[in-house]
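Examination of the molecular architecture
Each chain is listed here by its residues.
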Amino acid sequence: MQITQWSDALSGWLIGLGLPEWAAIFLVYAVGAFVLINYGMLSVLLLIWITRKVISRIQDRIGPNRVGKFGLLQTVADAAKLLSKEDITPREADKIAYNLSPILSVSGVLMLLAVIPFAPGLIGVDLNIAALFVVALGSIGIMAALMAGWGSNNKYALLAGFRVVAQLLSYEIPLVLSILTVVLLTGSMRFGSIIESQSLHLGGFNLGVGWLGIVMPGALLIFFISSLAEAELTPFDLLEAESELIAGFHIEYSGMKFAMFFLAQFLNAWILAAVMVTLFLGGWQGPGVGLPVVGPLLGFGYFMIKVFGVYVLQQWIRGTFPRLRIDQMMYFAWKVLVPLTIGLIVVQAIVQKLPTPVAVHYVLIFIANVGVLAIVASILQKYFREEQMRTKRSFEPTSLIGTMQVNEEGTMY
Amino acid sequence: MELPLGIQVPIPTFEQFIFIQVALVTAVAGLAVVTSRNLFHSALALTLTFFGVAGVYVFLEAEFLAVSQVLVYVGAIAMLIAFAIMLTRSMMYGRTSPLNNQWGKSSLFALLFFMGLLAFARATPWPAASEEVIADEAMIGALGREFVTTYVIAFEVLGLLLLLALVGAVMLARDR
Amino acid sequence: MLSQYFFILIMSGLAVVLPLTAVIMGYFIGPRRPDEVKNDIYESGVETIGETWVQFRAQYYLIGLVFVVFDVEALFLFPIAVAYQQLEMFAVLATIFFVLLLVIGLLYDWRKGALEWQ
């Protein structure tokens, strides 16, 4: 059951009360959309708290623990502080682009909540083209970054805006192509039927563990890496680099407008995690979701556990990985991920037409995916080893004068 | 519904009402594209026009076309236009006037063209949707099927065109 | 189907209105004391030299062009992927040929160094 279905019942009731049909539908939909959007905006409070806690633990700190229990209300306090800050518009800024950009960046992300399947039957709209809808609306965020960079009348903002656009465009291709592998296997772009196809029945009981990520770990990894880049999370946050640079394209923003960019970024990471769970990790599938009453509740629980699990994983990577340079980032997108995904698609297209049982198809696809996994892993391993060597070398003194210390035995260390 | 000058206008249904809004946004944004003095604002208005056109496609129940419109035009073409504006530095300053000495002639031509289109549109016997269009996944599948069966030549020519675009991009944009 | 998109229309309206409300609230709640230095462009304390909107390298345009090509390619493959299970051998070969054409393009750009970021 979708929202559109029980909303039909609700609007039927409203029409019975004497409302014209369009007004009833409008009212019901508006309430649904309002709830979804407020859910999105409020969940960011929790997301920021999780991020801060995870990163604090990694950095051997405690993290926020003063406001509210476990510091849960810290973000509320921060939001209130940002609300009371002055709204600065820099001199000679392009007012239209400057003011529109933070709002657009949030609304592009919030609209994606309409197609996220939270539980069996709990989905805004089950579009036939949901998989493409997610990618298409991502372009609003890209536009917003460009507008912010342009509108701020700041060289650094403009430079960062352009680089962000180049990054997001480059990683959109592997993202789209890895979604294509899922569509190729399931034959559907609807999130509803993609999740349905990930069920695993055992004698009438839905185990719900036929996750596509098990068959296609390579595509899953490529989607995850590209989603990190699309959300501008750490290995790919070289344009913001909060600890070293000046915050990228939103450098000139203050107060609530700055908060909007922040909100968009965290929510985008969460939604990309939700899309990944939907496509590869079974969505709300799990043991017992087929049961009559507790099924939907269980499904909602499974979905939330998986999405927040992926979100924590994203933040874990954010806390531990070093940043890439822009040339490395472009290299990785165009010369590693794009050829590998195209290879996967070609292999999958051939395998799915082999005159063998379906089980053999799955095994062959799995083997191809493991190959992709191995290639990506070896490239990453090589990169990190080189990076480690480089860092070590840069800490070694180039000149020995003044750095030598001699101990009592006369040996140097 | 009767307008002041005695013009009879049928009361629009709810769908028509929304359609009129979408069409208005599209048209006004299109007007802003050609009248804006700031090139970047023109590009932004063009993006809004693209969204409006996607909305019109939705009204035609062509959802795949609508999402393609957003993905390709808003997501890629608008970015390319912005990049192109940045590459031609001289156009960004001095807020170019949207009018030059040929605006009279060109608007006349535009008007004539519009009249021609209108006459053509009114003269064409459009096939009325006799049965309700079943817009589900099968439609998208059928579209994909047509690509590689009926229109396979056009499809491969398109692939060739994209290949040429890739080759041409290198030729055009190499730093020299 | 139209009702689905009506929901999305309402959603997009609200998705613009709610952040707008937040920004407007911030505008009225926060103080407003603009001065010359505060409204200056932030460049790590150094005064800005020259104009902001400098000319950019053709590299960005190149990335954009390559992106458009692959975006369109992926877009055409999506409906084929939906129908893929029912396609005959000829259609499958046509699809794979289409993908291989693009692979040739990618290899050409690779050889010409268009994918490198200098």
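See the structure shown above.
Quick summary incoming for the structure in this document. (Residues numbered from 1 in each chain as written. Chains lettered and ligands numbered in written order. Predicted model: local features only at pLDDT ≥ 70, side-chain atom pairs only at ≥ 80, totals over all residues. Heavy atoms only, no water.)

As a further point, take the overall build of chain C. If you tally the helices and strands in chain C, you get three helices and zero strands. In chain C, the succession of α and β elements from N to C terminus is α-α-α. Relative to a compact globule of 118 residues, whose C-alpha radius of gyration would be 13 Å, chain C shows 25 Å and is clearly more extended. The 118 residues of chain C split such that 55% are buried. Carbon and sulfur atoms form 66% of the exposed surface of chain C, whose accessible area is close to 5,600 Å². Positive and negative side-chain charges in chain C, numbering 6 and 11 respectively, have mean positions lying 4 Å apart. (Helix = DSSP H or I, 4+ residues; strand = E, 2+ residues; numbered from the N terminus. Rg over C-alpha atoms; globule rule 2.2 N^0.38 Å. Buried < 20%, exposed > 50% of the residue type's maximum accessible area, 1.4 Å probe, protein only. Areas by Shrake-Rupley, 256 points an atom, 1.4 Å probe, with all protein chains shown as cover. Lys, Arg positive; Asp, Glu negative; His and termini not counted. Charge placed at Lys NZ, Arg CZ, Asp CG, Glu CD.)

With that settled, consider the interface of chain C and chain A. At the junction of the two partners, chain C supplies 67 residues and chain A supplies 79 residues. Taken together, the two surfaces of chain C and chain A that pack against each other cover about 7,000 Å², and 76% of this comes from carbon and sulfur. Taken together, the connections running from chain C to chain A amount to zero salt bridges. If you look at where chain C meets chain A, you find seven residue pairs in polar contact (both at pLDDT 80 or more). Within the residue set of the side of chain C that touches chain A, elements represented by two or more residues are α1 (2-29), α2 (58-83) and α3 (89-111) of chain C. Of the residues forming the side of chain C that touches chain A, the biggest block, 21 residues, is contributed by α1(C). Tallied by class, residues from the side of chain C that touches chain A come to 45 nonpolar, 13 polar and nine charged. (Contact = heavy atoms within 4.5 Å. Buried area = accessible area lost by both parts, 1.4 Å probe. Salt bridge = Lys/Arg side-chain N within 4 Å of Asp/Glu carboxyl O. Polar contact = N/O pair within 3.5 Å; in protein donor to acceptor, adjacent residues only side chain to side chain. Nonpolar A, V, L, I, M, F, W, Y, C, P; charged D, E, K, R; others polar.)

Here the focus is the pattern of salt bridges. Residue and element names in this part refer to chain A. Evaluated as defined, the whole model comprises four salt bridges over all chains. Arginine 52 is paired through a salt bridge with aspartate 78; the nearest N and O atoms lie 2.9 Å apart. In this pair, arginine 52 is assigned in helix α2 (residues 21-58) and aspartate 78 in helix α3 (residues 74-83), connecting sequence segments 26 residues apart. Overall, arginine 52 belongs to the partly exposed group, its relative accessible area being 33%. Aspartate 78 gets classed as partly exposed once you look at its relative accessible area, which sits at 23%. We note a salt bridge from aspartate 87 to lysine 257, for which the minimum N-O separation is 3.3 Å. Pair noted here: aspartate 87 is in the loop between α3 and α4 (95-110) and lysine 257 is in helix α10 (residues 255-280), with a separation of 170 residues, a long-range link. With respect to class, aspartate 87 is no different from lysine 257; both count as buried.

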